[in-house]
Amino acid sequence: MSIVIRDVREHELDSILALNNAAGPTILPLDASRLRRFFDAAEYFRVAERDGNLTGFLVGFGSGSGHESSNFRWFRQHHEAFFYIDRIVVASRRRGGGVGRAFYADVQSYAEVRYPLLACEVFIEHDNDPARLFHGSFGFHEVGQHVMPETGVRASMLTKELCSYAWVRDRYGDELPDMPWLRRARQVAAPAQRSTGT
């Protein structure tokens, strides 16, 4: 009954889309084209499996990415370098079973050797106290609030300092050792070259 966290596979996108859109009002809905953009561009896009079944996913972007969410832009206006968790979704039947904590341990392990902050948001509406409590117990604190212009939903903007980052940066700079656990979570596809018609 262990939880396995691994990179997403392309054939799982339909299942991930269904999981996202069944999550309820605390997760913004997705369409297939936006999910495809996540698959093509997210620095971190991993899924959780338990007993061979897909139980959740987490998508994240580094502060240097071209991610277009208004919450990401808010963090970019307020912080120079960070790793942004765009969304975490856990199947309702698996909530409270450790999947969210496994994801956050994994994404923190990835981010803390590359970024000084972990950033995310939690919607204030929709009676989202369990999510706020979860993030607070994991060391996040509110650094502001933001009303998303595309939805009108108010979000609590949260960050967590990644205490290992400074030591890793001072010791290794931009050249991390070639160790399996330090490799990038996934390879991001290069942008497609468009024909100029000439």
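The written sequence of each chain sets the order in which its residues are numbered from 1. Two thresholds apply to this predicted model, a pLDDT of at least 70 for residue-level local features and 80 or more for giving and counting side-chain atom pairs, whereas whole-chain, interface and lining totals are computed over all residues. Side-chain numbers here rest on the full set of heavy atoms in the structure, without hydrogens or water.

Q: I'm lost on the overall build of the chain in this one. Help?
A: Each helix is a run of DSSP H or I of at least 4 residues and each strand a run of E of at least 2, with the numbering of both proceeding from the N terminus. Scanning the chain from N- to C-terminus turns up six helices and seven strands. Each helix and strand of the chain, ordered N terminal to C terminal, gives the series β-α-α-β-β-α-β-α-β-α-β-β-α. Throughout this description, buried means an accessible area under 20% of the type-specific maximum (1.4 Å probe, protein chains only), exposed means over 50%, and partly exposed covers the range between. Taken over 198 residues, the chain has a buried fraction of 46%. Should any heavy atoms of two residues lie within 4.5 Å, those residues are counted as being in contact. Taking all contacts inside the chain whose residues are at least 6 apart in sequence as the whole, residues at least 24 apart take part in 67%. The protein chains shown are the only cover counted for residues, whose accessible areas, like all others here, come from Shrake-Rupley with a 1.4 Å probe. Carbon together with sulfur atoms contributes 51% to the accessible area of the chain, which is approximately 10,700 Å² in total.

Q: Please explain the environment of P149 as it appears in this structure.
A: Here P149 shows up in the loop between strand 6 (141-147) and strand 7 (154-161). Along the primary structure P149 and S70 are separated by 79 residues, whereas in three dimensions their C-alpha atoms are 7.6 Å apart.

Q: Even after reading the chapter, I still don't get the sheet that holds strand 1 (residues 3-7), so can you show me in this structure?
A: Working definition: the strands of a sheet are paired by backbone hydrogen bonds and lie parallel or antiparallel to each other. An order of 1-2-3-4-5-7-6 is seen for the seven strands of this open sheet, with the pairing classed as mixed. Taken across any chain shown, the strands that pair with only one partner, and hence form the sheet edges, are strand 1 and strand 6. With direction set aside, neighbouring strand axes in the sheet form an average angle of 25°. Where strand 4 (residues 83-90) meets strand 5 (residues 117-123), two bridges bridge the pair, whose relative direction is parallel. Residue pairing in the sheet places F83 in a bridge with L118 of strand 5. Think of each axis as a best-fit line through the C-alpha atoms, taken over the contacting stretch in the case of a helix, with angles from 0 to 180 degrees between the N-to-C directions. Sheet contacts for helix 1 (residues 13-21): strand 2 (44-50), strand 3 (53-62) and strand 4; angle to strand 3, the most-contacted strand, approximately 90°. Between any two strands, at least two bridges found by DSSP are needed for them to pair.

Q: How do you make sense of the nonpolar core when you look at a structure like this?
A: Where a protein is soluble and globular, its nonpolar side chains tend to be buried together. Counting residues in hydrophobic clusters, the biggest one holds 31 residues, and the most contacted among them are L35, F45 and F57. Going through the elements one at a time, helix 1, helix 2 (32-41), strand 2, strand 3, helix 3 (70-78), strand 4, strand 5 and strand 7 are the ones with two or more residues in this core. Among the elements that make up this core, the one with the highest residue count is helix 1 (four residues). Residues belong to one nonpolar core when they are buried, are Ala, Val, Leu, Ile, Met, Phe, Trp, Tyr or Cys, and are joined through side-chain atoms within 4.5 Å.

Q: What is the right way to read the packing of aromatic side chains from this model?
A: For any two aromatic rings, the description comes down to two numbers: the centre-to-centre distance and the angle of the planes. Only centres within 6.5 Å qualify two rings of Phe, Tyr or Trp (six-membered ring in Trp) as a pair; their planes then separate them into stacked at under 30 degrees, edge-to-face at over 60, and tilted for everything else. Throughout the structure, instances matching the rule amount to 16 aromatic pairs. Between the aromatic rings of F83 and Y110, the centroid separation amounts to 5.6 Å while the plane-to-plane angle is 65°, which identifies the pairing as edge-to-face. In this pair, F83 sits in strand 4 while Y110 sits in helix 4 (residues 99-111), placing the two residues 27 residues apart along the sequence. Here the aromatic residues F72, W74, F75, F82 and Y84 are joined through ring pairs into a cluster of three or more. Over the ring of Y172 we find R171, and its NZ or CZ is 5.2 Å from the ring centre. By definition, being over a ring means that NZ of Lys or CZ of Arg is both within 6 Å of the ring centre and within 35 degrees of the ring normal.

Q: Explanation requested: the pattern of salt bridges in the structure shown.
A: Pairs can form between side chains of opposite charge whenever their charged atoms are close. We count a salt bridge whenever a side-chain nitrogen from Lys or Arg sits within 4 Å of a carboxyl oxygen from Asp or Glu. In the structure shown here, the tally under the stated rule is 10 salt bridges. In this structure, D40 and R36 form a salt bridge, with 3.4 Å as the shortest nitrogen-oxygen distance. Highlighted residues: D40 and R36, both in helix 2, separated by four residues, approximately one helical turn. The partly exposed category is assigned to R36, whose relative accessible area is 31%.

Q: Honestly, the side chain of E121 in this entry has me stumped. Any pointers?
A: Along the chain, E121 turns up in strand 5. Buried E121, no salt bridge; nearest opposite-charge side chain is R87, N-O distance 7.1 Å. As used in this structure description, the phrase polar contact means that two N or O atoms lie within 3.5 Å; if the pair is within protein, one of them must be able to donate a hydrogen and the other to accept it, and residues adjacent in sequence are counted only when both atoms belong to side chains. A polar atom in the side chain of E121 sits 3.5 Å from the side chain of N71. Within polar-contact distance, the side chain of E121 engages the side chain of Y84 at 2.7 Å. Setting aside its immediate chain neighbours within four residues, E121 contacts N71, F75, Y84, I85, D86, A155, S156 and M157. Residues scored as positive are Lys and Arg, those scored as negative are Asp and Glu, and His as well as the terminal groups of each chain are ignored.

Q: What is the right way to read the packing of helix 4 against helix 5 (residues 129-137) from this model?
A: Any two packed helices are characterised by how steeply their axes cross, that is the angle between the axes, and by the distance between the axes. As a packed pair, helix 4 and helix 5 sit with axes 12 Å apart at the nearest point and diverge in direction by 40°. Classified by the angle between their axes, helix 4 and helix 5 sit oblique to one another. The way helix 4 lies across helix 5 gives a crossing that is right-handed. Taking contact as the criterion, the partners of G100, R101 and Y104 in helix 4 are, on helix 5, F134, H135 and S137. In this classification, Asp, Glu, Lys and Arg are treated as charged, Ala, Val, Leu, Ile, Met, Phe, Trp, Tyr, Cys and Pro as nonpolar, and every other residue, Gly included, as polar. Classifying every residue of the contact of helix 4 with helix 5 gives two nonpolar, three polar and one charged. For classification, angles of less than 35 degrees are called roughly parallel, those exceeding 145 degrees roughly antiparallel, those between 65 and 115 degrees roughly perpendicular, and all remaining angles oblique. Throughout, a crossing is termed right-handed when the near helix is turned clockwise from the far one, and left-handed when it is turned anticlockwise from it by less than a right angle.

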